Amino acid sequence: MKTIQIVLLLWVVVSCTTKEKKEQQLKLWYDKPATSWMTEALPIGNGYMGAMFFGGIEKEQIQFTEGTLWSGGPGSDANYNFGLKEGAWKHLAKVRDLLNQGKMDEAHKVASDELSGAVHKIPGGSMFGDYGAQQTMGEIFIDIDHGSKVDNYRRTLDLSNSEARITYSVDGKKYSRTYFGSYPQKSLVYRFENEKPSTYTIEYVSPHQKRNETYKNSIYSFNGIVANNGMEYQTCLKIDTDGKVEYDDGKFKISNVKELTIYHTAATDYTLDFPLYKGFNYSKENKRVLNKLEESSYKEILDEHRTDYQKLFCRVKLDLNSNSNDIIPTDRRLIEYSKGREDLGLEEIYFQYGRYLMISASRPGTMPLNLQGKWNNSTNPPWACDYHMNINQQMLYWPAEVTNLSECHLPLFDYMESLVEPGRISAKEFFNAKGWIVNTMNNPFGYTAPGWGFPWGFFPGGAAWLCQHLWEHYEFTKDVDFLRDRGYPLMKEAALFWVDYLVLDENGFLVSSPSYSPEHGGISRGASMDHQIAWDLLNNCVEACNVLEVDNEFKKKAIVVRDKICPPVIGSWGQLQEWREDVDDPKSVHRHVSHLFALYPGNQITVKSTPGLAKAARVSLNARGDGGTGWSLAWKVNFWARLKDGNRAYSLLRGLLRSTKVPKENMTNGGGSYSNLLCAHPPFQLDGNMGGTAGISEMLVQSHEGLIELLPALPDSWKSGEIKGLKTRGGIEIHMKWKDRKVVFLKVKSSKKSQCQIKVNGDLFIAELSTIGWQTIDI
């Protein structure tokens, strides 16, 4: 181990609007309009709202939604009760007794009949009944009267400044559009500019009931209602143009236009407050937003947006020293990549695209990311476009800390806090336990009960897994106030459930009975994932108690319970067992690999500290294969990175970027990326994008073993490169360059005065860090 020399350096932050070569390459671009919402339209967002634009020549189509717009919940059915079954816990002892007798089928039947949650069908409603589903708010259609024969068409999404553009010419006259989502202004902005005066026709079309619509003082307001539950909403368009505006029956005709700017906002009456979730004054809020817009010019709003966005986005830069393929449209570029062409620049774009999507859809004060982020074009979307807690919701936020977007993590924590009260009731009614739980499917209306079908619906480990994000937020930021005031209270109460729920088996181990490994296999006396998640939560609670110097008695109890939990077990064919029972099928290629939670995102299994278990995890991964859904491929990227196999992780990353156009459900091997680089489950889910971005980070920097390791899983294809701004546990940022697979330049920046160990080129260094700024490390 070496002591390293540190040189202090003043580091000037340069906006990524400067014409650096790499930053100018962070664009998705196409030479034709989109025809498919799922596979070709491009996303913009401001955290609150998400929109997908097509870039049509004579007719633009902008589909949008707002994160709180849902069917279902308290207003949808008089019987809606958050999925609860009063006194369901009274059947728990019978299920456990049957399991102890080895009567698995009978135990499953009783559990399925008595411990499943309740939903109530609603005529003409969502396929999920009063559970509900996230809702599209509708579409804006904009007709442009200039003819359809165009030249030099280009549709672009610029990740470096979060701006979308469409440019083309008609009869030698230039037309351009600029779209962006402004978080500070809580608005989406659509700007049209023409060299030749043209006529525009604008219409908003909603799938929901109209209460009324008005146009006054350049502001169009539509008040609607979700018929299923009575949720009220309002969307407004502020029209700013040099043309003549005529309005009639919901349609605008704007003639002689050379400049047209539409400012778009929306809100609902939803509040994140159990049990009613209703009462927000949405019209007052929209009026505030519109009044604020009056205070600034378009240029000022655009500049404000760029500053706000780049404050987050420009923290991280990835350069793989690639040859540029930017002259090729992104859809064709993806196809060529899928055929085996090297395109490191596309991999850079994919990495930063995940960060762009997170910034665009998860900002303080907004709803958290759902299965599709904030982009949904349906009133009956796949899996309700909800908050799935048995992998998907967690994966959505895996990049938040490591890619330096800690602020974007906060909406998840707000949502978690809203789940505690209904989660306590579910823990009590289904398991007679203290603490709080969530299960597989969760809506914004307090549904924390098990799902209405088993095995997929049973996953009380969801809350404990969510709590890992609280601890990670502390680890990456070292924000003790957050840990004390928000993180630890949620963690402790989630841990109380496991203290009550775990039971002793005949070997003296605490096991989770009954349990199901998420969406795979049958009922068990102990699914490994449950044990690993409970161990992780209790271990983090112990660490939190040490940091905060609180709850000594609870800490002692947590240590006792943690150390009695059934540990990971190696099975008969060398695999890491998925269940307490050694029944793993070596031929199974199921998408879920839940029993490897302890490898990633947990740290109970590491190559260094538990080499035998790491080897067993490798056996399990090899058996499951390299196929799967989009998010499954992304998880495997992270698994192989943790196993320090960069080439295998890279192979899976390439699989995640496999070009596909399949929009229909495929639960086995349909994973890949659409032309718009959104992840194909299929259908579209955002989790694969986020897991992929996290996986690239994990290949470059790891910090889960008590030290910082640089290039722990570097693939052969990334021989040279540079990464700046990735964060590690301890609140440390990394800036390094490597050549011929060796680090040749290193700077670090710490949020606190600290000492850390850094593994560089196989050598272990001790660094004394200050908070002055970037520090150069002599390697």
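Please refer to the structure higher up on the page.
Residues numbered from 1 in each chain as written. Predicted model: local features only at pLDDT ≥ 70, side-chain atom pairs only at ≥ 80, totals over all residues. Heavy atoms only, no water.

(A) Summary view of the overall build of the protein. Within the protein, the regular secondary structure consists of 18 helices and 33 strands. Over its C-alpha trace the protein gives a radius of gyration of 26 Å, about what one expects of a compact globule, namely 28 Å for 779 residues. Within the span of the protein, comprising 779 residues, buried residues form 64% of the whole. Summarising the internal contacts of the protein: among those between residues at least 6 apart in sequence, 67% fall at separations of at least 24. A total accessible area of about 27500 Å² is found for the protein, and carbon and sulfur atoms account for 48% of it. The centroid of the 90 positive side-chain charges in the protein is displaced by 3 Å from the centroid of its 93 negative side-chain charges. (Helix = DSSP H or I, 4+ residues; strand = E, 2+ residues; numbered from the N terminus. Rg over C-alpha atoms; globule rule 2.2 N^0.38 Å. Buried < 20%, exposed > 50% of the residue type's maximum accessible area, 1.4 Å probe, protein only. Contact = heavy atoms within 4.5 Å. Areas by Shrake-Rupley, 256 points an atom, 1.4 Å probe, with all protein chains shown as cover. Lys, Arg positive; Asp, Glu negative; His and termini not counted. Charge placed at Lys NZ, Arg CZ, Asp CG, Glu CD.)

(B) Spatial organisation of helix α2 (residues 92–100). If you check which residues of α2 are buried, you get L92, V95, R96, L98 and L99. Taken around the axis of α2, the buried residues stretch over an arc of 160°, which confines them to a single face. Elements that come into contact with the buried residues of α2 comprise α3 (104–114), α10 (410–431), α12 (480–501), β20 (503–504) and β23 (523–524). (Arc of directions from axis to C-beta.)

(C) Region of the structure containing the side chain of N229. Structurally, the position occupied by N229 is in the loop between β13 (219–226) and β14 (231–241). Side-chain polar atoms of N229 contact the backbone nitrogen of M231, separated by 3.0 Å. In this structure, N229 is in contact with W70, S71, G72, G75, S76 and F445, ignoring residues within four places of it in sequence. (Polar contact = N/O pair within 3.5 Å; in protein donor to acceptor, adjacent residues only side chain to side chain.)

(D) Focus on the packing of helix α7 (residues 344–361) against helix α18 (residues 687–700). For the pair α7 and α18, the least separation of the axes is 9 Å and the interaxial angle reads 120°. In terms of orientation, α7 lies oblique with respect to α18. Our pair here, α7 against α18, has a crossing hand that is left-handed. Residues E347, Y350, F351, Y353, G354, R355, L357 and M358 of α7 form the contact with α18, whose participating residues are G688, N689, M690, G692, T693, I696 and S697. (Axes fitted to C-alpha atoms, helices over the stretch in contact; angles between N-to-C directions. Parallel < 35°, antiparallel > 145°, perpendicular 65-115°, else oblique. Left-handed = near helix turned anticlockwise from the far one by under 90°.)

(E) The arrangement of the pattern of salt bridges in detail. For the structure shown, the criterion picks out 44 salt bridges. Residue K478 pairs with E475 through a salt bridge whose shortest N-O separation is 3.2 Å. Exposure remark for K478: the relative accessible area of 22% places this residue in the partly exposed category. Judged by relative accessible area, which is 17%, E475 ranks as buried. Ionic pairing is found between R580 and E506, a salt bridge with its closest N-O pair at 2.7 Å. With R580 in the loop between α14 (552–564) and α15 (611–624) and E506 in the loop between β20 and β21 (510–511), this pair connects stretches of sequence that are 74 residues apart. What emerges from the salt-bridge pattern is a single network uniting D31, K32, D331 and R332. (Salt bridge = Lys/Arg side-chain N within 4 Å of Asp/Glu carboxyl O.)

(F) Structural detail: the pairing of strand β15 (residues 244–248). Summarising the sheet, β15 and strand β16 (residues 251–268) pair through 5 bridges and their orientation is antiparallel. Its bridge partner lying in β16, D248 is registered against K251. Counting the residues that bridge the hairpin from β15 to β16 gives 2 residues, and of these D249 lies at a positive phi of roughly 50°. (Pairing = 2+ DSSP bridges.)

(G) Spotlight on the packing of aromatic side chains. For the structure on display, the rule yields 55 aromatic pairs. Taken together, a centroid distance of 6.3 Å and an interplanar angle of 70° make the contact between F128 and Y131 edge-to-face. F128 gets classed as buried once you look at its relative accessible area, which sits at 10%. Over the aromatic face of F313 sits the side chain of R355, whose NZ or CZ is 5.3 Å from the ring centroid. Taking the ring centre of Y337 as reference, the NZ or CZ of R654 above it sits at 3.9 Å. (Phe/Tyr/Trp six-rings, centres within 6.5 Å; stacked < 30°, edge-to-face > 60°. Lys NZ or Arg CZ within 6 Å of the ring centre and 35° of its normal.)

Purely geometric stuff here, so don't read any function into it on its own.
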